[in-house]
Amino acid sequence: RENYHLDSNEKVILMVGRICKAKGMFAYLNAFKKVLKRDSNCRLVIAGELCNAPDLLDATDKVTVKITLTGMLDKDKLSYWYRMADIGVIPSYAEQCCYVGLEMMSYGLPIIASDGFGVKRMFPDGLNAYVAPIGNRRNPKEFVQNLVDCTLKLLSNSAEQRKTKNNARRILKEKYNFSEMAEHYKAVFMA
C-alpha cells in the first residue's frame, strides 16, 4: 500500500474489467458515492481497459479523488491490487464465466456480486459473496441501493469478511479446479 500511496487504514474496493454499463461499472460508481457519505475512508480502484474512461470521469462528480483508474495491467501488477484490496465487486448484468470472480476467489477477497445472469450461479448470497439484486433493469436506483447496502455490511463486519473469504477459497478448490472444469466442458461438447 505504501508503494501506491494508500493510507494503511483506507478500505480498498476493487473492480476489474471493461468500463462499460453492461459490467455494472456506472451502477457501482453511483453506489460508491453513497458509500462515501457513510464511510469516507474508502477508495474505489478500477482496473481495466479505459476506452470509456471519459464517461466514467464525467460520472464521478466530486468523488474523483477517491477513485483510482489503473488502466490495463499485466498479471503481476494486477496481483498487487488483488492483495491490497479489502473487497472485490462484480456488479455485472451478465457474464458467461466470470474469470475475474475466479481470480478474486483465489486471492480470498470477500466479494459483492450482482444477481446477473451467470454471476448468480457462481456467487450464492451469503456463502462466498454478498449478492446485490439488480431488480428492475430500467430503473437502476434499486440496484444501486442494494450495492450500497452490501458494501456497507461487508466493510463493517470482519467476521462476514472472513467467512466469505474462507468459503470463496473452499468453493474455488472444490468447484472450479481443473478436473471439475474439464468434466463440465466435456459435458458441453458431448451434448
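Refer to the structure printed above.
Each chain carries its own residue numbering, running from 1 in the written order of its sequence. In view of the model being predicted, local features appear only for residues whose pLDDT reaches at least 70, and side-chain atom pairs are presented and counted only at 80 or more, with totals across whole chains, interfaces and linings using the full set of residues. Water and hydrogen atoms play no part in the side-chain values, which are based on all heavy atoms of the structure.

1. Quick look at the layout of surface pockets
Part 1 of the reasoning: Method remark: on a 1 Å grid restricted to protein atoms, a set of points is classed as a cavity if a 1.4 Å probe fits but cannot get out and as a pocket if it is open with protein on both sides within 12 Å along at least five of seven lines; lining residues have an atom within 4 Å of a point. Grid points are joined across faces, edges and corners, and a volume is the space filled by probe spheres set on the points. Reported here for the largest pocket is a volume of approximately 400 Å³.
Part 2 of the reasoning: The wall of the largest pocket is formed by 13 residues, among which Arg 121, Lys 175, Tyr 176, Met 181 and His 184 lie closest to the centre.
Part 3 of the reasoning: Of all the elements, helix H8 (residues 178–190) adds the most residues to the lining of the largest pocket, at five residues.
Part 4 of the reasoning: Three classes are used, and their members are as follows: Ala, Val, Leu, Ile, Met, Phe, Trp, Tyr, Cys and Pro are nonpolar, Asp, Glu, Lys and Arg are charged, and the others, Gly among them, are polar. Grouping the amino acids of the lining of the largest pocket by side-chain chemistry returns six nonpolar, three polar and four charged. Every helix listed is a DSSP run of H or I at least four residues long, and every strand listed is a run of E at least two residues long, numbered separately from the N terminus.

2. Concerning the state of the cysteines
Part 1 of the reasoning: Note on terminology: disulfide denotes any pair of cysteine sulfur atoms within 2.5 Å. A full pass over the atoms with the stated rule returns zero disulfides.
Part 2 of the reasoning: Free of any disulfide, Cys 150 has its nearest cysteine sulfur in Cys 42, 14 Å distant.
Part 3 of the reasoning: For Cys 150, a relative accessible area of 6% translates into the label buried. To sort residues, take the accessible area from a 1.4 Å probe on protein chains only and compare it with the maximum for the residue type: under 20% means buried, over 50% means exposed, and anything in between is partly exposed.

3. Topic: the packing of helix H4 (residues 99–106) against helix H7 (residues 158–175)
Part 1 of the reasoning: Axis separation between H4 and H7 bottoms out at 8 Å; the angle between their running directions is 115 degrees. By crossing handedness, the relation of H4 to H7 is classed as left-handed. Facing H4, whose interface residues are Leu 102, Met 105 and Ser 106, H7 presents Ala 168, Arg 169 and Leu 172.
Part 2 of the reasoning: Across the contact of H4 with H7, the residue classes break down as four nonpolar, one polar and one charged. Lines fitted to C-alpha atoms define the axes, with helix axes restricted to the stretch in contact, and inter-axis angles between N-to-C directions lie between 0 and 180 degrees. Handedness of a crossing follows from how the near helix is turned relative to the far one, being left-handed for an anticlockwise turn of less than a right angle and right-handed for a clockwise one. Should any heavy atoms of two residues lie within 4.5 Å, those residues are considered in contact.

4. As for the packing of aromatic side chains
Part 1 of the reasoning: We call Phe, Tyr and Trp rings a pair once their centres come within 6.5 Å, taking the six-membered ring for Trp, and we label the pair stacked below 30 degrees between planes, edge-to-face above 60, and tilted otherwise. Applying the stated criterion to the full structure yields four aromatic pairs.
Part 2 of the reasoning: Taking the centre distance of 5.5 Å and the plane angle of 65 degrees together, the rings of Tyr 93 and Phe 143 count as edge-to-face. Placement of the pair is Tyr 93 in the loop between strand E4 (87–90) and H4 and Phe 143 in helix H6 (residues 141–155), with a sequence separation of 50 residues. For the pair Tyr 93 and Phe 143, a shared accessibility class is recorded, and that class is buried.
Part 3 of the reasoning: Taken together, the ring pairs connect Tyr 4, Tyr 80 and Trp 81 into an aromatic cluster.

5. As for the pattern of salt bridges
Part 1 of the reasoning: We define a salt bridge as a side-chain nitrogen of Lys or Arg found within 4 Å of a carboxyl oxygen belonging to Asp or Glu. Summed over the entire model, instances satisfying the criterion amount to seven salt bridges.
Part 2 of the reasoning: One salt bridge connects Arg 43 with Glu 10, and the closest N-O pair in it is separated by 3.4 Å. Of this pair, Arg 43 sits in strand E2 (residues 42–47) while Glu 10 sits in the segment before strand E1 (11–16); the two residues are 33 residues apart in sequence, bridging distant segments of the chain. Grouping residues by exposure puts Arg 43 and Glu 10 together as buried.
Part 3 of the reasoning: One salt bridge in this structure joins Lys 66 and Glu 10, with 3.8 Å as the shortest N-O distance. Linking Lys 66 in the loop between helix H2 (53–60) and strand E3 (67–71) with Glu 10 in the segment before E1, this pair joins segments that are 56 residues apart in sequence.
Part 4 of the reasoning: Of the residues examined, Glu 10 reaches a relative accessible area of 7% and is grouped as buried.
Part 5 of the reasoning: What emerges from the salt-bridge pattern is a single network uniting Glu 10, Arg 43 and Lys 66.

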